[in-house]
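Residue-level structural notes
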Amino acid sequence: MKLGKRLIVCVISLGLIVGSLSGCGNDVQEEEVKSIKIGVTVYDQYDTFVSQLIDRFNVYASEKEAETGVAINIEVYNAADSQPTQNSQVETMMGDGCNVVCVNLVDRTEPKTIIDMAEKNNVPVIFFNRELVAEDLERWEQLYYVGAKAFESGIMEGEIAADVFKNDSAADKNGDGIFQYIVLEGEAGHQDAIVRTEYSVSTIIERGVEVEKLNYAIANWNRAQAQTKMTQMLGEYGNKIELVLANNDDMALGAIDALKAAEIAPERWPVVVGIDGTNVGLEAVKNGEMAGTVYNDKEGQAKAMLDLAYELSTGGSLAGLDMEDGKYIRLPYAKVGVEDVEEYIEKSEMMP
Ligand code: GAL
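Rules used throughout
Residues numbered from 1 in each chain as written. Predicted model: local features only at pLDDT ≥ 70, side-chain atom pairs only at ≥ 80, totals over all residues. Heavy atoms only, no water. Helix = DSSP H or I, 4+ residues; strand = E, 2+ residues; numbered from the N terminus. Buried < 20%, exposed > 50% of the residue type's maximum accessible area, 1.4 Å probe, protein only. Contact = heavy atoms within 4.5 Å. Areas by Shrake-Rupley, 256 points an atom, 1.4 Å probe, with all protein chains shown as cover. Axes fitted to C-alpha atoms, helices over the stretch in contact; angles between N-to-C directions. Parallel < 35°, antiparallel > 145°, perpendicular 65-115°, else oblique. Left-handed = near helix turned anticlockwise from the far one by under 90°. Nonpolar A, V, L, I, M, F, W, Y, C, P; charged D, E, K, R; others polar. Patch = residues over 30% accessible without salt bridge, like charges linked within 9 Å, V, L, I, M, F, W, Y side chains within 5 Å. Salt bridge = Lys/Arg side-chain N within 4 Å of Asp/Glu carboxyl O. Lys, Arg positive; Asp, Glu negative; His and termini not counted. Charge placed at Lys NZ, Arg CZ, Asp CG, Glu CD.

Here the focus is the overall build of the chain. If you tally the helices and strands in the chain, you get eleven helices and 13 strands. Across the 352 residues in the chain, those meeting the buried criterion constitute 57%. The long-range fraction of contacts in the chain, counting pairs at least 24 apart against all pairs at least 6 apart in sequence, stands at 73%. When the accessible surface of the chain is split by element, carbon and sulfur atoms take 49% of a total near 14,900 Å².

Once that is clear, we can look at the side chain of serine 348. Along the chain, serine 348 falls in helix H11 (residues 341-349). Judged by relative accessible area, which is 6%, serine 348 ranks as buried. In contact with serine 348, other than residues within four places in its own chain, are Arg56, Asn279, Leu282, Tyr295, Lys298 and Glu299.

Two numbers describe how helix H7 (residues 223-237) lies on helix H8 (residues 249-261): the axes approach to 7 Å, and their chain directions differ by 50°. For the element pair H7 / H8, the angle class is oblique. For H7 against H8, the interelement crossing comes out right-handed. Residues Arg223, Ala226, Gln227, Met230, Thr231 and Leu234 of H7 form the contact with H8, whose participating residues are Asp250, Met251, Leu253, Gly254, Ala255, Asp257, Ala258, Leu259 and Ala261. Looking at the contact of H7 with H8 residue by residue, the classes come out as nine nonpolar, three polar and three charged.

A few words now on a negative patch on the surface. A contiguous patch of negative charge, built from Glu283, Glu343, Glu346 and Glu349, is present on the exposed surface. Looking at the negative patch, the element that brings in the most residues is H11, giving three residues. By the element assignment, glutamate 346 lies in helix H11.

Listed below in structure tokens is the structure:
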């Protein structure tokens with residue numbers, strides 16, 4: 001979708017026809033239980049994982065609407081990587097009478113403006129995917145976080161890599177018994193990037209595989225940036241690279257794009273492992289380009305967000321939600337290899 005000057009990228013009216021594109025609606029006060037309004041702002045609408053998560057969120061909203069008879073109106077804004085833009089989007093959504101606002105923070109260290117607005121307007125906020133520090137989440141009682149168990153993803157990625165090294169002698173290209181690796185990292189300072197890099201490497205070592213780090217590069221979760229960085233590292237290390245640990249699937253795919261562009265025969269490729277299980281990532285596991293991925297449960301996270309937003313908006317109970325400390329919902333990850341990839345592809349295809 002082309003970005004214009006308007007901040008609203010998408011308005012979905014499920015059930016009730018919302019009269020105008022510029023607001024969340026106008027009759028929430030009188031019909032609170034019949035109609036709710038949920039505002040969502042994402043840090044970057046072009047992020048593959050986040051956009052697939054929001055697709056799921058919309059699907060679950062339609063299902064919830066059919067199940068409960070409550071009209072659920074959702075607005076999705078794109079903050080386009082600007083925290084000030086996101087702050088003003090939240091202000092707009094609160095002014096429009098949204099019952100709950102879901103925020104995928106641009107800068108996870110800068111939630112203060114949004115938290116202050118939330119408290120002032122008495123509108124609960126569900127932060128998701130980009131985790132703020134616990135002290136910030138404690139600033140007001142109506143703040144929540146939905147995400148994943150971050151450290152698990154790194155451990156599982158490390159397990160996949162270690163298993164390949166132990167079971168396939170071809171992975172050790174120079175036969176020195178050491179796994180020479182590079183890391184493609186997400187954004188600097190992002191909780192998932194930090195934790196995934198650390199735990200993937202420490203897990204490989206714990207599993208008894210000796211490793212040698214050749215280099216790392218920050219590619220901001222982005223396929224094109226990862227291709228550029230991988231091309232540079234191929235120039236420097238060439239065939240010495242035996243393992244690419246990517247903090248997400250898009251960057252793993254960027255590395256593969258670089259290998260293809262360099263016309264390196266697939267049997268000479270390093271082992272490439274990703275995280276997310278996006279549709280394209282699963283395809284790459286299926287066709288053997290990636291050794292495996294770690295499923296970041298977008299369905300579970302989207303459903304948890306929707307259920308929580310629904311209960312908060314309708315004054316329902318949070319008792320049925322699997323919450324930690326009354327504030328956090330964290331979904332588990334799962335390892336995906338070629339043997340079980342089909343199951344995950346089916347899970348993804350069941351969704352539009
Ligand atoms: C991670 C995900 C990445 C990217 C990032 C954005 O959890 O694995 O692909 O979407 O969130 O915050």
